[in-house]
Amino acid sequence: MEDYKFLFKVVLVGNAGVGKTCLVRRFTQGMFPPGQGATIGVDFMIKTIEIDNEKVKLQIWDTAGQERFRSITQSYYRSAHALILIYDITSQPTFDCLNDWLREIDEYANNRVLRVLVGNKIDKEDREIPSHVGQDFAQRHDMRYLETSAKQADNVEKLFVQIASELMEQAKSKGISSDSPQSLPFNTRTSKSINDYCCNR
Amino acid sequence: MMSSNEDYITLDEINNALELLDRDEIASRKRLATFTNQWPTVIKEVDSVTKKFSTLTSIKENLSQIQTRIHDSSKLAEDISSKVRQLDKIRGRVSECQKRVQDLLDLQLCSEGVQIAMKNDELEQAAGHIHRYLSIDQTKLQRTADDMAQDCSMITSALKHLQEASELLQDTVSKRFEHASLVQDSKSIERYFKIFPLLGMHEVGLEKFVDYLGRLLKVSADKNLKNVMETPLSSNRASVIFADGLTFIFEEVAKTIEVQQPLIETHYGPEYVLKFLSHLQIHCDTFGDILLRTFLKTRKIRELLKTVWEESDANAAARPDSKDIDLLVEEIVMILARYDLYAQFVCKRTVNADGVEPKTRTAKTVLDNSRLCCCIQEMMGKYLELERYYMEESIRKAVLMDTIEGDGDAALTSSMVDDVFFIVRKCVMRSLRSGSLDVLCAVINNAVNALEADMCAVLTQVLSAGYPGSGYFNRFTPDLDKVRRTFLAALNSTEVAVEYSKSLSQAFRDEVPARLRGCHAEKLDSCLHDFSRVNASLVAANRSGFRQLQSSLIEPKALAWTEPFYEQHFTLDETEFAQTVADNPFVVALVRNIDGTLAEFRARLTPNNYDMLVVAVAAETATQLERAVMKTEFNRLGGMALDKVVRTLINYFSGASAWPVREKFARLVQVTTVLNLERASDLNEFSNPDSGMRFSWKLTPDCIRQILRLRVDFREDDIRKVQL
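Quick notes on the rules
- Residues numbered from 1 in each chain as written.
- Chains lettered and ligands numbered in written order.
- Predicted model: local features only at pLDDT ≥ 70, side-chain atom pairs only at ≥ 80, totals over all residues.
- Heavy atoms only, no water.
- UniProt positions renumbered as here; feature names shortened; annotations may be inferred.
- Helix = DSSP H or I, 4+ residues; strand = E, 2+ residues; numbered from the N terminus.
- Areas by Shrake-Rupley, 256 points an atom, 1.4 Å probe, with all protein chains shown as cover.
- Rg over C-alpha atoms; globule rule 2.2 N^0.38 Å.
- Buried < 20%, exposed > 50% of the residue type's maximum accessible area, 1.4 Å probe, protein only.
- Contact = heavy atoms within 4.5 Å.
- Salt bridge = Lys/Arg side-chain N within 4 Å of Asp/Glu carboxyl O.
- Expected span 1.5 Å × (residues − 1).
- Bend = angle between axes of the 7 residues up to and from the residue.
- Buried area = accessible area lost by both parts, 1.4 Å probe.
- Polar contact = N/O pair within 3.5 Å; in protein donor to acceptor, adjacent residues only side chain to side chain.
- Nonpolar A, V, L, I, M, F, W, Y, C, P; charged D, E, K, R; others polar.
- Pairing = 2+ DSSP bridges.
- Axes fitted to C-alpha atoms, helices over the stretch in contact; angles between N-to-C directions.
- Patch = residues over 30% accessible without salt bridge, like charges linked within 9 Å, V, L, I, M, F, W, Y side chains within 5 Å.
- Parallel < 35°, antiparallel > 145°, perpendicular 65-115°, else oblique.
- Left-handed = near helix turned anticlockwise from the far one by under 90°.
- Phe/Tyr/Trp six-rings, centres within 6.5 Å; stacked < 30°, edge-to-face > 60°.
- Lys NZ or Arg CZ within 6 Å of the ring centre and 35° of its normal.
- Lys, Arg positive; Asp, Glu negative; His and termini not counted.
- Charge placed at Lys NZ, Arg CZ, Asp CG, Glu CD.
- Core = buried A, V, L, I, M, F, W, Y, C linked by side-chain atoms within 4.5 Å.
- Right-handed = clockwise from strand over helix to strand, strands pointing away.

- With an unreviewed UniProt entry as reference, chain B is termed Conserved oligomeric Golgi complex subunit 4, source organism Acyrthosiphon pisum.

- If you look chain A up in an unreviewed UniProt entry, it shows as Ras-related protein Rab-30 from Acyrthosiphon pisum.
- Turning to chain A, the UniProt record has this under Catalytic activity (unreviewed entry): "GTP + H2O = GDP + phosphate + H(+)".

As structure tokens, this is what we get:
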């Protein structure tokens with residue numbers, strides 16, 4: 001048996017180029033890959049961290065932001081314990097798309113999934129979305145909020161550690177093994193293609 | 001030694017002194033003799049030393065001579081070496097000069113040769129001259145020409161000629177190539193194609209050549225498209241004609257690469273292969289794009305995808321048939337597989353080019369960034385949507401057409417579970433053919449979601465609806481037996497489905513890595529792990545089914561079976577006891593009732609479910625019996641009679657189930673034990689650590705006292721005295 005007590009799946013989504021891969025690389029490998037090409041399909045990374053002396057294994061799914069990979073991305077929502085929705089604080093369009101992403105999350109994800117909104121690239125000076133706007137948006141949609149810089153490693157560790165500890169608390173309070181997300185009332189899927197309303201391409 | 005003369009007083013003393021002196025004298029003589037003997041040798045040695053002195057002077061002279069000579073020689077050597085150095089330099093210059101002269105001569109020759117060759121239209125020769133000219137260091141050549149401008153205008157003019165000729169030749173070859181490519185004169189094309197690199201026109205040549213190849217490919221691609229469009233629906237390839245068409249394009253491009261790559265490597269150099277591939281890929285992109293777009297249009301994929309997720313069930317008839325979708329999905333997955341094959345081929349070609357790994361990465365980059373790849377990725381998305389629709393629709397059908405199988409000896413099972421897992425396996429294995437792990441993983445995710453949302457949900461629904469018992473109201477339930485069969489089949493299905501789900505995920509874990517190139521095992525594993533979600537929800541459904549059985553079947557039955565217990569009395573005399581032991585109608589009836597009920601289920605349930613039922617019946621019977629016992633009065637013989645009843649029951653249940661049931665009777669056995677005591681005080685033995693009896697009570701002290709009070713022959717005082 002592998003040496004961990006909790007296993008969580010974390011899925012990152014958001015428009016192309018907001019820095020999903022960089023965030024994951026920063027967290028899992030401690031580096032900022034310059035000139036990162038667009039992710040193809042889904043990347044998969046594992047990192048085991050220790051919280052309160054307990055080993056927590058995070059399986060991180062780094063999805064492609066481009067529209068044509070949406071079908072692949074969608075299939076991961078349901079098994080996710082946590083969803084990280086990312087936008088770029090220097091790009092209004094990536095913020096404007098958040099509603100589309102939320103619609104998709106509501107449609108496919110487990111309704112008790114932990115949702116975190118992340119404004120990335122705070123190292124940049126040409127900010128377009130003020131902090132409080134992101135904060136408000138997150139509050140309105142019942143999400144955690146954090147601003148990060150994958151480049152300068154600001155809040156990256158914190159983001160994942162917070163997610164892991166919150167999921168651990170959840171799992172402990174439910175007294176359910178983290179291995180199997182408990183079966184939920186099966187909400188009937190209403191599956192309409194999101195292709196029609198997302199601006200990102 | 002001796003003292004002064006005045007000291008010699010006696011003769012003896014004098015004699016003694018004399019003697020001493022004599023001895024001294026003798027010794028001195030001896031020494032003198034030795035010295036005398038040595039003298040000649042000393043003289044000799046002094047002579048020889050004197051002689052040697054004279055030679056030393058000459059050695060010194062010699063040495064100083066040698067020194068001067070060495071000094072002179074070194075000076076000479078230095079002179080010589082510097083001269084040699086100078087000579088070397090000069091020789092270098094001379095040879096360079098010779099080379100330049102040779103170059104100049106060549107230049108002259110080239111210049112003349114080019115003019116002649118051009119005049120005679122011998123392009124290869126002209127190009128050969130130009131190539132020679134181009135291989136000469138151009139800057140030095142120019143300097144030479146400048147240096148010699150005053151003396152010899154010939155060189156300058158030759159240079160001018162050559163430059164002009166080179167330009168002319170470039171122009172001519174380009175034009176002729178264009179012309180040849182227009183009239184598709186493949187011989188001339190090859191001829192001019194080989195001339196370009198001689199003129200230093202690698203890039204231009206490659207571009208023009210690929211343009212030409214592209215035009216050739218376009219002809220066959222157009223013909224191919226026409227064929228595809230004109231294929232009659234009756235053709236046996238009609239359902240995969242677009243995949244066939246794409247295959248044809250890929251084959252043509254691959255053939256072109258295979259034929260031209262050696263030419264490129266020979267005439268242009270291996271470093272141009274990648275450039276060649278990326279130029280050619282642009283053409284391939286175009287053909288692929290056109291074909292795939294026609295595919296989407298002809299097969300009405302966009303419209304299909306819109307109707308597929310129509311929500312209104314009223315429109316169910318208008319929804320595409322899963323069989324049609326099945327065919328379409330087959331074709332798309334074939335398209336994906338062909339692209340995968342093509343991509344493998346292209347990447348492999350560049351490895352062969354020089355066997356260096358980074359090259360592959362760049363060839364892969366060329367492909368990954370190609371328009372074709374983008375189209376294919378979009379196609380993957382469409383495939384996934386359609387595959388998901390097919391899977392969910394087929395599962396829906398399987399649920400609708402569910403029939404319960406198994407009569408007589410076989411356990412009741414539902415055809416739905418078999419069908420559902422067959423569909424899931426089919427879809428996942430199909431996605432494996434796409435050659436993409438991402439596609440495979442997405443289909444696995446969708447399969448898990450569908451199993452959970454569709455199959456598990458249906459089973460949960462049936463099982464939580466409950467098992468209609470034999471109560472008064474259920475007598476009027478129509479199709480009572482059918483409802484019961486459905487319930488039991490669902491109960492069995494949950495168990496079977498867990499098995500299926502486990503073995504299916506294991507099968508994928510075993511089979512996929514062998515059949516998928518570059519399979520990321522952990523990624524696959526993480527997706528397959530989600531099958532545990534399905535298992536958990538099946539187990540939960542099974543539990544809820546047993547809870548239903550418990551409340552509507554087991555509890556009422558056990559209550560009814562134990563009812564006659566109240567009619568018995570357990571304050572027996574010897575005669576009554578003997579009779580009861582010989583024939584206890586209560587226990588006979590109880591076992592018969594239980595056996596009758598279990599027999600009804602034995603054939604209808606899977607072994608595990610049946611065992612689970614036996615255990616549940618045993619537990620409930622024990623509970624109900626205990627409840628009855630607690631309302632009955634006993635004497636010693638009555639307690640013994642009860643012990644007999646309990647033993648009979650335990651024996652029966654142990655034989656009925658493969659699972660241990662004895663523990664379900666543990667409490668009842670303890671109750672019986674208490675009721676069987678000779679005296680109430682015997683209980684003290686149980687709590688005495690020295691008694692050697694290890695006994696862990698499942699009964700509370702209060703409970704034990706209560707049981708003791710059931711014995712009519714125990715006095716309250718004694719009971720109170722018992723230490724517990």
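That covers the picture; the talk isn't over yet.
1. Some thoughts on the overall build of chain A
Then comes step 1: Helices and strands together make up the secondary structure of chain A, namely six helices and six strands.
Then comes step 2: Counting helices and strands in the order they occur from the N terminus, chain A gives β-α-β-β-α-β-α-α-β-α-β-α.
Then comes step 3: With the model as given, the accessible surface of chain A reaches about 8,600 Å², and the carbon-plus-sulfur share is 45%.

2. So, the overall build of chain B
Then comes step 1: Along its length, chain B carries 25 helices and two strands.
Then comes step 2: Taken over C-alpha atoms, the radius of gyration comes to 57 Å for chain B, far larger than the 27 Å a tight globule of 724 residues would show.
Then comes step 3: Across its three principal directions, the C-alpha atoms of chain B cover 160 × 150 × 35 Å.
Then comes step 4: Burial statistics for chain B: of 724 residues in total, 44% are counted as buried.
Then comes step 5: When contacts within chain B are restricted to residue pairs at least 6 apart in sequence, long-range pairs at least 24 apart make up 78% of them.
Then comes step 6: Surface summary for chain B: the accessible area is close to 39,300 Å², and the carbon and sulfur share equals 55%.

3. Things to note about the pattern of salt bridges
Residues and elements named next belong to chain B.
Then comes step 1: If you walk through the whole model with that rule in mind, you get 49 salt bridges over all chains.
Then comes step 2: Between Lys 523 and Asp 438 there is a salt bridge whose closest N-O contact spans 2.7 Å. Here Asp 438 lies in helix H14 (residues 437–465) and Lys 523 lies in helix H16 (residues 521–528), a separation of 85 residues in the sequence.
Then comes step 3: Relative accessible area serves as the criterion here: at 11%, Asp 438 is assigned to the buried category.
Then comes step 4: What you see here is one network of salt bridges that share partners, running through Asp 326, Glu 330, Glu 387, Lys 426, Arg 430 and Arg 433.

4. With respect to helix H22 (residues 666–675) of chain B
Then comes step 1: Counting buried positions over the ten residues of H22(B) gives seven, a clear majority of the element.
Then comes step 2: Structurally, H22(B) contributes buried residues whose contacts are with helix H20 (607–629), helix H21 (636–656) and helix H24 (701–710) of chain B.

5. Things to note about helix H17 (residues 531–562) of chain B
Then comes step 1: For H17(B), with 32 residues, the first-to-last C-alpha span of 44 Å sits near the 46 Å given by 1.5 Å per residue.
Then comes step 2: Remark: the principal bend of H17(B), roughly 45 degrees, maps to B:Gln550.

6. Examining the interface of chain A and chain B
Then comes step 1: Between chain A and chain B, the residue contacts involve 32 residues of the former and 35 residues of the latter.
Then comes step 2: Roughly 2,900 Å² of surface becomes buried between chain A and chain B when both sides are summed, with 53% attributable to carbon and sulfur atoms.
Then comes step 3: Between B:Asp530 and A:Lys9 there is a salt bridge, with the nearest N and O atoms lying 3.0 Å from each other.
Then comes step 4: Seen at the junction of chain A and chain B, the total is ten residue pairs in polar contact (both at pLDDT 80 or more).
Then comes step 5: Counting only elements with at least two residues in the side of chain A that touches chain B, the list comes to strand E1 (6–14), strand E2 (42–51), strand E3 (54–63) and helix H2 (70–77) of chain A.
Then comes step 6: Sort the elements by how many residues they give to the side of chain A that touches chain B and H2(A) lands first, with five residues.
Then comes step 7: Of the residues contributing to the side of chain A that touches chain B, the split by class is twelve nonpolar, twelve polar and eight charged.

7. Re the sheet that holds E2(A)
Then comes step 1: Spatial strand order, E2-E3-E1-E4-E5-E6 (chain A): six strands in an open sheet with mixed pairing. Among the strands making up the open sheet, the edge pair consists of E2 and strand E6 (144–147) of chain A. Strand after strand, the sheet turns through a mean of 25 degrees between neighbouring axes, direction not considered.
Then comes step 2: With five bridges joining them, E1(A) and strand E4 (residues 82–88) of chain A adopt parallel strand pairing. Bridge assignment links A:Gly14 to a residue of E4(A), and that residue is A:Ile86.
Then comes step 3: Strand contacts of helix H6 (residues 156–174) of chain A: E1, E2, E3, E4, strand E5 (114–120) and E6 of chain A, with the helix running at about 130 degrees to E1(A), the strand carrying the most contacts.
Then comes step 4: Its contacts with the sheet put H16(B) on E1, E2 and E3 of chain A, and the angle it makes with E2(A) is roughly 80 degrees.

8. Some details on a nonpolar patch on the surface
Then comes step 1: Together, B:Val49, B:Phe53, B:Leu56, B:Ile59, B:Leu63, B:Ile66 and B:Ile70 make up a nonpolar patch on the protein surface, roughly 690 Å² of accessible area in all.
Then comes step 2: Turning to its location among the elements, B:Leu56 is positioned in helix H1 (residues 11–119).

9. Points about the packing of H14(B) against helix H15 (residues 480–515) of chain B
Residues and elements named next belong to chain B.
Then comes step 1: Where H14 contacts H15, the axes come no closer than 10 Å and their chain directions differ by 170 degrees. Considered as vectors, H14 and H15 are oriented roughly antiparallel to each other. The way H14 lies across H15 gives a crossing that is left-handed. Contacts between H14 and H15 involve Leu 440, Met 455, Leu 459, Val 462 and Leu 463 from the former and Thr 486, Phe 487, Ala 490, Leu 491, Ser 493, Thr 494, Ala 497 and Val 512 from the latter.
Then comes step 2: Its residues placed into classes, the contact of H14 with H15 shows ten nonpolar, three polar and no charged.

10. Side note on the environment of B:Lys194
Then comes step 1: Within the secondary structure layout, B:Lys194 lies in helix H5 (residues 186–198).
Then comes step 2: When near neighbours in sequence (up to four residues on either side) are disregarded, B:Lys194 contacts B:Leu263 and B:His267.

11. Focus on the packing of aromatic side chains
Then comes step 1: Counted under the stated rule, the structure contains 24 aromatic pairs over all chains.
Then comes step 2: Ring geometry for B:Phe209 versus B:Tyr212: centroids 6.3 Å apart, planes at 35 degrees, classification tilted. You can see B:Phe209 and its partner B:Tyr212 sitting in helix H6 (residues 202–230), three residues apart, about one turn around the helix.
Then comes step 3: Judged by its relative accessible area of 4%, B:Phe209 is buried.
Then comes step 4: Exposure remark for B:Tyr212: the relative accessible area of 7% places this residue in the buried category.
Then comes step 5: A ring pair is formed by B:Phe508 and B:Phe531, whose centres lie 6.4 Å apart and whose planes are at 45 degrees; its orientation type is tilted. Here B:Phe508, found in helix H15, pairs with B:Phe531, found in helix H17; they are 23 residues apart in sequence, far enough to count as distant. Like B:Phe508, the residue B:Phe531 is buried in the burial classification.
Then comes step 6: Members of the aromatic cluster, joined through ring pairs, are B:Phe193, B:Phe209, B:Tyr212, B:Tyr268 and B:Tyr272.
Then comes step 7: Cation over ring: A:Lys47 sits above A:Phe27, and NZ or CZ is 4.9 Å from the ring centre.

12. Let's talk about the side chain of B:Glu452
Then comes step 1: By the secondary structure assignment, B:Glu452 is in helix H14.
Then comes step 2: There is a polar contact of 3.0 Å between the side chain of B:Glu452 and the side chain of B:Arg533.

13. Side note on a negative patch on the surface
Then comes step 1: There is a patch of like negative charges on the surface, built from B:Asp402, B:Glu405, B:Asp418 and B:Asp419.
Then comes step 2: Within the secondary structure layout, B:Asp402 lies in the loop between helix H12 (371–400) and strand E1 (404–405).

14. What to know about the nonpolar core
Looking at soluble globular proteins, one finds that nonpolar side chains tend to be buried together.
Then comes step 1: Core analysis: the biggest nonpolar cluster contains 226 residues, and B:Met455, B:Leu598, B:Phe653 and B:Leu708 have the highest contact counts within it.
Then comes step 2: No other element matches the 15 residues that H14(B) contributes to this core.
Then comes step 3: Look past the residues within four positions of B:Leu708 in its chain and what remains in contact with it is B:Val674, B:Leu677, B:Ala680, B:Leu683, B:Phe714, B:Ile719 and B:Val722.
Then comes step 4: Of all hydrophobic cores here, the second largest spans 31 residues; its members include A:Phe8, A:Cys22, A:Ile49 and A:Val116.

15. With respect to the pairing of E1(A)
All names here are of chain A.
Then comes step 1: With respect to burial, E1 is a largely interior element, nine of its nine residues being buried.
Then comes step 2: Here E1 shows a buried face lined by Phe 6, Phe 8, Val 10, Leu 12 and Gly 14 and a second buried face lined by Leu 7, Lys 9, Val 11 and Val 13.
Then comes step 3: For E1 and E3, the ladder comprises seven bridges, and the chain directions are parallel. Within the sheet, the bridge partner assigned to Leu 7 lies in E3 and is Lys 57.

16. Some thoughts on the pairing of E5(A)
All names here are of chain A.
Then comes step 1: Burial within E5 is extensive, with seven of its seven residues counted as buried.
Then comes step 2: Residues Leu 114, Val 116, Val 118 and Asn 120 line one face of E5 and the alternating positions Arg 115, Leu 117 and Gly 119 line the opposite face, and both faces are buried.
Then comes step 3: Where E4 meets E5, seven bridges bridge the pair, whose relative direction is parallel. Bridge pairing in E5 links Ala 82 to Leu 114.
Then comes step 4: Relative to E6, E5 runs parallel, the two sharing four bridges. Opposite Val 118, over in E6, you have Leu 146 as the bridge partner.
Then comes step 5: Handedness of the crossover is the feature at issue here: the chain leaves E5, passes through helix H5 (residues 131–140), returns alongside E6, and the resulting connection is right-handed.

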